[in-house]
Amino acid sequence: MRTTRFLALAAAGVLAGAGLAGCGAEDDSAGDAAGGGPITVKASDTACEVGSTEVGAGTVVFNVTNSGAKVTEFYVYAAGDRVMGEVENVVPGLSRELHVELPAGTYETACKPGMIGKGIRGALTVSGSAAPLTDDAALAGATDSYQRYVQSQTGALLDKTTEFVTAVKAGDVARAKALFPVARTYWERIEPVAEIFGDLDPKIDGREEVLEEGMEFTGFHRLEKDLWTTGDVSKDGPIADRLLTDVKEIVAKANAEKLSPLNLANGAKELLDEVATGKITGEEDRYSHTDLWDFNANVEGSKAAIAALRPVLTERAPDLVTSLDAGFATVDTTLAEHRAGDGWKLHNELSKADLKDLSDAINALAEPISKVAAVVAK
Amino acid sequence: MTENRVSRRRAIGLAGAAGVAGVGVAAGTGALLRGTFDPKPTSASSASGAVPFRGEHQAGITTEVPDRLHFVAFDVITKDRARLVELLRDWTVAAARMTAGQDAGVVGAVNGAPEAPPDDTGEALGLPPSGLTLTVGFGPTLFRDADGRDRFGLADRRPAALAELPRFPGDALQPEISGGDLCVQACANDPQVAVHAIRNLARLGMGVVSVRWSQLGFGRTSSTSREQATPRNLFGFKDGTANLKAEDTDLLRDHLWVQPGDGQEWMAGGSYLVTRKIRMIIETWDRTSLGEQEELVGRTKGSGAPLGQHDEFDPIDFKATGPDGKPAIAETAHVRLAHPDLNNGARLLRRGYNYVDGSDGLGRLDAGLFFMAYQRDPRKQFVSIQTQLARHDALNEYLRHVSSGLFACPPGVRDQGDFWGRALFD
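All of these numbers come straight from a predicted model, not from anything done at the bench.

## Points about the overall build of chain B
Stage number 1. Regarding its fold elements, chain B presents 10 helices and 9 strands.
Stage number 2. Counting over 426 residues, chain B shows a buried share of 52%.
Stage number 3. Element-wise, carbon and sulfur atoms account for 53% of the exposed surface of chain B, whose accessible area totals about 18500 Å².

Below, the structure is given as structure tokens:
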């Protein structure tokens, strides 16, 4: 689909060099690990206690335990909310480990009970010897950082899709409806990566009218249609199983895929284009009207890709970084007006004026984002 | 790879010779089709050439009206005055380039980095300037918003003449296609050139302005020069016979250009634009007898002569009576109500266009007149005339005013460092 062009660019070797540099950087940093045991993180619905706020450069391990009642997430951010590492979907009562490579610098940790908002933040200082990044290493670092993000999302995608599929097969329509936009969040955040696998994307996310002659209508939107129109999913067991199989396959492929910095730049733009075409109009989730969940997830995915590229952009085009920050802030503010509880208003609850404001905010951000690829490529 | 990169400027040079021949053929065919119409042939330079962008007044007001229009109204969505000014500077540079037949940006549509979106959208590559003019205007809401807030520190610079138009009887205005903080009128002989210009300005404005509404037009419905024959509107009548013409220098000073001392000095040399989208109820009109159509308008449909006279430009005699003893031109006839004699001498420079926006879903043509008129003071001119028409014009049975706009169009861009509206923001 739209991915053909930048895949070709990646293959042409713009990124082959960066990929090699990436491997080198990983090997180096793996050599001087921080030492010491995992840092314990006690997460609850109201607190985020990080066992140590000063660590040595290298691989740092966090052990996150959720003692709250809400599902939580744990992040390590560099400046500009660039995600250095994260664990998603830590359900109450469980512990999860996060391994993250951190060069010397100042960071923030964050727990996100309920998986929304900026989270409960704390400072983290990393000291020790870490060579300054060269240009190429910065690009390699960008793809490494984004690939960690993709992995965190695919893990949560698999978990939440499994829960969704289980609810469908159990005939629990109310629960399936509640899980539908949540599972899709993880999909929508990494959609450009999923689109690389052009045969799986339509099976998982295809809408009825875009399917080619002879292709079966499967995936999220098929189940959405049944859940919201007839409410009868008694015959959808095979469709649900098929969705889970397809998601497992795309997760494995996405995690194995070597991404290029141009994939990130173009992906960030494409996510906003997705918003501008499918989400603003409400055509994507036409039965459930949960388009704003997807909208927000697309923006978050775009932000993650830009955040990964931030060191490169800051060095090469600082003015562009300023415009991007302002653009994301405006989108977030405009979108925040339509929050409803832990989720979002339905698309059909928004007025035409609301949608135009959102559209303007997306266009204002997409314009500077369209300049990122050229900066990365130069 | 380099030899494939064609600049629009180079393409114009190549197209030059072919363009002249093409226009000659078109003019000849037009004369044949229109029979006795006998329009003066359009010169090659005005049909395909470039209209100077800089000057005392903005181009696109008294400039000979070309055949195509793309008009757009924008909302300003930034709160930052500096960003608005920066956009007006960027727009001025792009407008100067595009009206000269160049790409909107210095890199161009096809010469940039493969990873970057081009700084011109490319659909005008290979096309000549086509007489493109771009004319900018500022709406009342740029000075104060609906809640009365001074948005950009401009409130005390709002001209008194830029007063919101009153509500006229029968108005069926749709807010979503009315008003606007800024407007740009693109006129050209090639619709692709006009659309290209607006599209590129909208692209440059992302994040600063947002398109509120836009309108395509074809078939000018008035003449702004004695060089042009009077065209017909979609009712089939000649329109704009008594229009102000570029040649009427004294009349233009009195009725068109804002003069020093009229109020806000930044507007001296500028003009006020009123736009009205007037839908025509085509199907019922087409069932109306020829006699009634002519009575409603007050002119004959064939020659355009006032009723009771012979030629289009014969003076209108409001006292003349027909064979039945009644006034030849009815009390409610359009030409009588719109005439300067009934409106304290008020005159307008009109440059409206026909429009067809397809059909309306009920099988009716969604069509009419996109009326545009420039003037020195709308309060004394458009408002006076439209009040008469809205109250009494028998033609109103076949018309619906669905959109309205009012804009202060500043004077022309004088030199290299000047930009659209600089005097307003200084």
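Next, the rest of the story.
## What about the state of the cysteines?
Stage number 1. Summed over the entire model, instances satisfying the criterion amount to 1 disulfide over all chains.
Stage number 2. The disulfide that involves Cys-48 of chain A links it to Cys-111 of chain A, with 2.0 Å between the sulfurs. One quick way to see it: the torsion about the S-S bond of Cys-48 of chain A and Cys-111 of chain A is about 60 degrees, and its sign makes the bridge right-handed. Within this pair, whereas Cys-48 of chain A is found in strand β2 (residues 48-50), its partner Cys-111 of chain A is found in strand β8 (residues 105-111), the two being separated by 63 residues in sequence. Like Cys-48 of chain A, the residue Cys-111 of chain A is buried in the burial classification.
Stage number 3. Free cysteine: Cys-183 of chain B, not disulfide-bonded; nearest cysteine sulfur from Cys-409 of chain B at 5.1 Å.

## Some words on the interface of chain A and chain B
Stage number 1. Counting residues at the interface gives 12 residues for chain A and 12 residues for chain B.
Stage number 2. Together, the buried faces of chain A and chain B total about 930 Å²; carbon and sulfur atoms form 58% of this surface.
Stage number 3. Linking chain A with chain B are 1 salt bridge, by the criterion used here.
Stage number 4. In this structure, Lys-356 of chain A and Asp-75 of chain B form a salt bridge, with 3.6 Å as the shortest nitrogen-oxygen distance.
Stage number 5. On the surface where chain A and chain B come into contact, there are 3 residue pairs in polar contact (both at pLDDT 80 or more).

## Remarks on the pattern of salt bridges
Stage number 1. Across all of its chains, the model carries 47 salt bridges over all chains by this definition.
Stage number 2. Lys-238 of chain B is the partner of Glu-312 of chain B in a salt bridge, and the nearest nitrogen-oxygen pair spans 3.2 Å. One end of the pair, Glu-312 of chain B, is in the loop between α7 (290-297) and α8 (334-338); the other, Lys-238 of chain B, is in the loop between β4 (209-220) and α5 (249-255), and 74 residues separate them in sequence.
Stage number 3. Within the structure, one salt-bridge network assembled from shared partners comprises Arg-184, Glu-188, Glu-191, Asp-205, Arg-207, Glu-274, Lys-279, Glu-283, Glu-284, Asp-285 and Asp-294 of chain A.

## As for helix α12 (residues 352-369) of chain A
Stage number 1. Taking 1.5 Å of rise per residue, the 18 residues of α12 of chain A would be expected to cover 26 Å, and the 25 Å separating its terminal C-alpha atoms lies within 8% of that figure.
Stage number 2. Of the positions making up α12 of chain A, those classed as buried are Leu-355, Leu-358, Asp-360, Ala-361, Ile-362, Leu-365, Ala-366, Pro-368 and Ile-369 of chain A.
Stage number 3. Elements in contact with the buried residues of α12 of chain A: α9 (261-279), α10 (291-316), α11 (318-336) and α13 (372-377) of chain A together with β4 of chain B.

## Focus: the pairing of strand β8 (residues 365-375) of chain B
All names here are of chain B.
Stage number 1. Among the 11 residues in β8, 10 count as buried, and that is most of the element.
Stage number 2. Relative to β8, strand β5 (residues 271-280) is paired through 8 bridges, and the arrangement is antiparallel. Directly across from Ile-278, in β8, lies its bridge partner Leu-369.
Stage number 3. Pairing between strand β6 (residues 349-350) and β8: 2 bridges, direction antiparallel.

What counts as what
Residues numbered from 1 in each chain as written. Chains lettered and ligands numbered in written order. Predicted model: local features only at pLDDT ≥ 70, side-chain atom pairs only at ≥ 80, totals over all residues. Heavy atoms only, no water. Helix = DSSP H or I, 4+ residues; strand = E, 2+ residues; numbered from the N terminus. Buried < 20%, exposed > 50% of the residue type's maximum accessible area, 1.4 Å probe, protein only. Areas by Shrake-Rupley, 256 points an atom, 1.4 Å probe, with all protein chains shown as cover. Disulfide = S-S within 2.5 Å. Contact = heavy atoms within 4.5 Å. Buried area = accessible area lost by both parts, 1.4 Å probe. Salt bridge = Lys/Arg side-chain N within 4 Å of Asp/Glu carboxyl O. Polar contact = N/O pair within 3.5 Å; in protein donor to acceptor, adjacent residues only side chain to side chain. Expected span 1.5 Å × (residues − 1). Pairing = 2+ DSSP bridges.

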